[in-house]
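Given next are the chains, with one letter for each unit.
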2 protein chains.
Amino acid sequence: MRNKTEILVVGAGPAGMVCAITARRYYPDKKILVLKNIANGCIPCGIPYMFSSLQSPQDNILGMDALIKNNIEVVPGEAAKIDRGSKLVTTTSSDEYQYEKLVLATGSTPVIPNIPGIDIKGVYPVYKDLDYLKSCIEEIKRSKNVLIIGGGFIGIEFADEISKIPGLTVHLVEVLPALLANSFDRDFSLLVEGKLKAEGVNTILNTKVTEILGKEKVEGVRFDNGNELKVDSIILGIGAVPNTELAKTAGLDLGKGRGIWADEYMRTSDFDIFAVGDCAGKRDFYTRRDTAVMLASTATAEARVAGANLYQLKIIRENKGTIAIYSTYIDGLVLGSAGLTEASAKKEGFEIIVGTTEGVDKHPKGLPGANKIKVKLIFARQSGILMGGQVLGGMSAGEMINIIGMAIQQRVSINELETLQMATHPYLTSAPTMYPLVLAAQDAMAKIA
Amino acid sequence: MRNKTEILVVGAGPAGMVCAITARRYYPDKKILVLKNIANGCIPCGIPYMFSSLQSPQDNILGMDALIKNNIEVVPGEAAKIDRGSKLVTTTSSDEYQYEKLVLATGSTPVIPNIPGIDIKGVYPVYKDLDYLKSCIEEIKRSKNVLIIGGGFIGIEFADEISKIPGLTVHLVEVLPALLANSFDRDFSLLVEGKLKAEGVNTILNTKVTEILGKEKVEGVRFDNGNELKVDSIILGIGAVPNTELAKTAGLDLGKGRGIWADEYMRTSDFDIFAVGDCAGKRDFYTRRDTAVMLASTATAEARVAGANLYQLKIIRENKGTIAIYSTYIDGLVLGSAGLTEASAKKEGFEIIVGTTEGVDKHPKGLPGANKIKVKLIFARQSGILMGGQVLGGMSAGEMINIIGMAIQQRVSINELETLQMATHPYLTSAPTMYPLVLAAQDAMAKIA
């Protein structure tokens, strides 16, 4: 069946949704259609919390109400081919969609490592569809020993969450010498490790899984040091690769970072085709090199840029490249990271100066619910520009990392941070005399002087 | 007795302390002395929480450890006179201190309204010294009916806090038609009123106290509408005036906003005398007119500027005027305001556009502990520059207002907010598709387009 639309969005994850809704606002008269390839997609970052925190896995569905309400048609289907000449997308079930503007929001796919035994039943990559996840949850809950492969955000959030399931022993293996090693320096990641250990998680660092053991069902793993571990389920959290096949086959340029190449306005090498979210290549904020950050928040920022600019460049893109900006929560402990870490800045060749501070997130510290708060800021040494920051604390740290993120995007200087005006309150923040962002900037300044 | 110092700081509140400590960092060899006129000063913003939340009032003392540790001498005494010619400060007990650089951090004094009966026992202005506050706490706890005069931050925080004392009925009277009327628009202040009412606080708006009744002890009040109310204690929370007497007598210029006039680097009309904190005049961020914001956070920002620049202008002041930036907490409800409100922007003559959004501060919304979050942003209509913002939510709103504060100080545009990169996490923030600062900016943008 041949259908005709004006704006066609391939993919109904956060990027596809936000792009369609933004397009509706800027182009109220255009016909917009979204192709949805997963029957019941889930909110990506909520997936770990379907295992215990949420009352029902159902509560984490990524609903289509906002699309329907915005007069956007949502149609089940998976795009198989783009004919750029006749501006036609064909689906796997041979439906055809004619477009004026096409948005690729095809997302990413979990990396499956190429090791013996990877196909045995009981190995669970983190796919996003509800029915699959429901069956994972059942299997994990029936398990006695679960191994999580990967100590990045997904891995540690799963470890925290499933450690709450009664009767379950949780193991986590990471090939690098520290958890969250790409986003946090060692002084922070050690605290994460301590927290997980306190929850009973067996963390195994510097170690690689070389083989998955078992016949019909996972029975264990073998590590590169020769040790074996008995487990009955495995969760894979070792990253994802952009889904670029559709774009590649259509002859669109790919970036060096493996995603679909896109310009400042998310236009691909074909001006009538845009790419947003995990499938789209990104450029690093600091170096302009291709980068592979995959975050729903980045995806939605890109989707807004694309949605507004489909027919005309209406909104000048104000974020000048992608920063890595993350937060996570482990049993009450909150961590955030934005921009470069000390290690990544050095590796990149920046001459930096680092400021740190430790305090309490309420004042006076005797107030109920006060947590330790620790902040680290990384500045370019000569120009004094903020390059990155890390925060560890209680709930308020989740938005504090966004103050740092705003400051990075605005290229705020060490002096500006030293004389920052901020709201402080006994129950909500450190004391005005001890506000961590200011003290960390001062600490860095003292090292320059 | 005549003493000789190099840097003399008059006042040991947050401004004096931070100025002295900053001076120590930039001038490591100078002799620094702080004159302290209150034996046991308290952390200003913690004062309401001494009445119930803190285990002991003692826990809210503003300790001098940080000064001692920084090799700063702290001496009891109240400055009575400055002889600028011979650079000599004389105290009320006739001690003399010779200085090279003098910092006035003399603070402010609560406003005492001139109404009949104001001197009767049982009327408590909010002074900052521990012994006085201890006796207040005892009296309030012995009371059955307490009236708070003033519906600003101090008033509502006291109302929230003392409503937790068993057996106490709390009344609050405000002359304006809304609570927190200078910092929040009506849609926000109505929610504060509802929250206080739910705690059993009797809020009386649009009403003025004309007389305090009683002979030896407060027995009640009369209002301007003729009504009377029986109460046995009264807390005064109607603002404060800068302590400028010392500066005035010494012939220093005063600003139009009643504080001591100070330039961009907090230098008074005498270059060897600086003024910081509540006693110092401030200039408004938007209009450059004199303003009277009195905040510990503003005070410490000024103190850092002064402390670094006492002998040489070492740090260029990066905050270009004072913004009002506040947060408060009422029984789990958090409110923040930064910059201009819709009402104050209009009154000031700005052509504005307002964006609002309401959502949930976790995602999916079924996660335990999720709160409603409401954000309002005020932009200059033509230039699209952010002028102010208000937030209402759970604990995370306390730092979210500081993202807005950072954005105001950086003169961030509506476009920059629309394409902001931020960290989102199920337990810590709204969904990336629904991040309130982005959605409020979009809402404003839609109204422009």
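Residues numbered from 1 in each chain as written. Chains lettered and ligands numbered in written order. Predicted model: local features only at pLDDT ≥ 70, side-chain atom pairs only at ≥ 80, totals over all residues.

This part takes up the overall build of chain A. If you tally the helices and strands in chain A, you get eleven helices and 26 strands. Since a compact globule built from 449 residues should have a radius of gyration of about 22 Å, the 23 Å found for chain A is in line with a globular shape. Along the first, second and third principal axes, the C-alpha atoms of chain A reach 65 × 55 × 40 Å. A total of 449 residues make up chain A; the buried ones form 56% of that total. In chain A, the proportion of contacts linking residues at least 24 apart, taken out of those at least 6 apart, comes to 67%. (Helix = DSSP H or I, 4+ residues; strand = E, 2+ residues; numbered from the N terminus. Rg over C-alpha atoms; globule rule 2.2 N^0.38 Å. Buried ≥ 20, exposed ≤ 12 C-beta atoms within 10 Å, placed from the backbone. Contact = placed C-beta atoms within 7 Å.)

A word on the relation of the copies chain B and chain A. Rotating chain B by 180 degrees and moving it 0.0 Å along the rotation axis overlays it on chain A with an RMSD of 0.0 Å. Viewed as a symmetry operation, the transformation between the two copies matches a two-fold axis. A share of 100% of the interface residues of chain B reappears at the interface of chain A, consistent with the copies meeting face to face through the same patch. (Least-squares fit on C-alpha atoms with pLDDT ≥ 70 in both.)

Residues and elements named next belong to chain A. Read across the open sheet, the five strands follow the order E10-E17-E11-E12-E13; overall the sheet is parallel. If you trace the sheet from one side to the other, it starts and ends with strand E10 (123–125) and strand E13 (202–204), each paired once. Strand-to-strand twist of the sheet, defined as the mean angle between neighbouring strand axes without regard to direction, takes the value 20 degrees. Sheet topology places strand E11 (residues 145–149) next to strand E12 (residues 169–173); five bridges connect them, and they run parallel. Across the sheet, Ile149 pairs through a bridge with Val173, a residue of E12. (Pairing = 2+ DSSP bridges. Axes fitted to C-alpha atoms, helices over the stretch in contact; angles between N-to-C directions.)

In this section: the pairing of strand E6 (residues 88–91) of chain B. All names here are of chain B. Residues Val89 and Thr91 line the buried face of E6, whereas the alternating positions Leu88 and Thr90 sit on a face that is not buried. Pairing geometry for strand E5 (residues 79–83) and E6, over four bridges, is antiparallel. Within E6, the position partnered with Ala79 by the bridge is Thr91. Linking E5 to E6, which pair antiparallel, is a turn of four residues; within it Lys87 sits at a positive phi near 50 degrees. Across three bridges, the pairing between E6 and strand E7 (residues 96–98) is antiparallel. What sits directly across from Leu88, in E7, is Gln98. Hairpin connection, E6 to E7: the antiparallel pair is bridged by four residues, and Ser94 has positive phi, about 65 degrees.

Each side of the interface is counted separately: chain B has 72 residues, and chain A has 72 residues. Elements represented by at least two residues in the side of chain B that touches chain A include exactly helix H1 (14–26), helix H7 (296–308), strand E22 (325–330), strand E23 (333–339), helix H9 (397–409) and helix H10 (414–418) of chain B. It is H9 of chain B that provides the largest number of residues to the side of chain B that touches chain A, a total of ten residues. Residue composition of the side of chain B that touches chain A, by class: 37 nonpolar, 27 polar and eight charged. (Nonpolar A, V, L, I, M, F, W, Y, C, P; charged D, E, K, R; others polar.)

Residue and element names in this part refer to chain A. Relative orientation of the contacting elements helix H1 (residues 14–26) and helix H7 (residues 296–308) amounts to 30 degrees, with a least axis distance of 7 Å. Taken as axis vectors, H1 and H7 run roughly parallel relative to one another. When the axes of H1 and H7 are compared, the crossing they make is right-handed. Residues Pro14, Ala15, Val18, Cys19, Thr22, Ala23 and Tyr26 of H1 lie in contact with H7, whose contacting residues are Ala296, Ala299, Thr300, Glu302, Ala303, Arg304, Ala306, Gly307 and Ala308. The residue makeup of the contact of H1 with H7, split by class, is eleven nonpolar, three polar and two charged. (Parallel < 35°, antiparallel > 145°, perpendicular 65-115°, else oblique. Left-handed = near helix turned anticlockwise from the far one by under 90°.)

Bringing unusual backbone geometry into the picture now. Cis geometry marks the peptide bond from His363 of chain A to Pro364 of chain A; its omega dihedral reads -10 degrees. One non-glycine residue, Arg288 of chain B, adopts positive backbone phi at about 65 degrees. By the secondary structure assignment, Arg288 of chain B is in the loop between strand E20 (282–283) and strand E21 (290–291). Judged by the 10 C-beta atoms lying within 10 Å of it, Arg288 of chain B falls in the exposed class.

On to the domain arrangement of chain A. When the parts of a complex come together, some accessible area is lost, and that lost area is often taken as the interface size. Parsing chain A into structural domains produces domain 1 (2–109 + 241–308), domain 2 (123–238) and domain 3 (332–448). Measuring from the centre of the C-alpha atoms in domain 1 of chain A to the corresponding centre in domain 3 of chain A gives 34 Å. (Domains from an automatic or database assignment.)

Residues and elements named next belong to chain A. Within helix H4 (residues 153–162), ten of the ten residues are buried, which leaves it mostly tucked inside the rest of the structure. Every buried residue belonging to H4 is among Phe153, Ile154, Gly155, Ile156, Glu157, Phe158, Ala159, Asp160, Glu161 and Ile162, and all of these are buried. On the buried face of H4, the contacting elements are helix H3 (130–142), E11, E12, helix H5 (186–198), strand E17 (233–236) and strand E22 (325–330).

This brings us to the nonpolar core. If you look at the biggest cluster of nonpolar residues, it comprises 297 residues, and the most contacted ones within it are Cys19, Leu104 and Val276 of chain A together with Cys19, Leu104 and Val276 of chain B. Aside from chain neighbours lying at most four places away, what touches Cys19 of chain A is Val9, Val103, Ala105, Val276, Ala303, Ala306 and Gly307 of chain A. (Core = buried A, V, L, I, M, F, W, Y, C linked by C-beta atoms within 7 Å.)

Turning to the sheet that holds strand E14 (residues 209–214) of chain A, a few remarks are in order. Note on sheets: strands pair through backbone hydrogen bonds, and any given pair is parallel or antiparallel. Residue and element names in this part refer to chain A. Strand order in the open sheet formed by three strands is E14-E15-E16, and the pairing between neighbours is antiparallel. Either end of the sheet is taken by a strand with one partner, and the two such strands are E14 and strand E16 (228–230). Across the sheet, the mean angle from the axis of one strand to that of its neighbour is 25 degrees, orientation sign disregarded.

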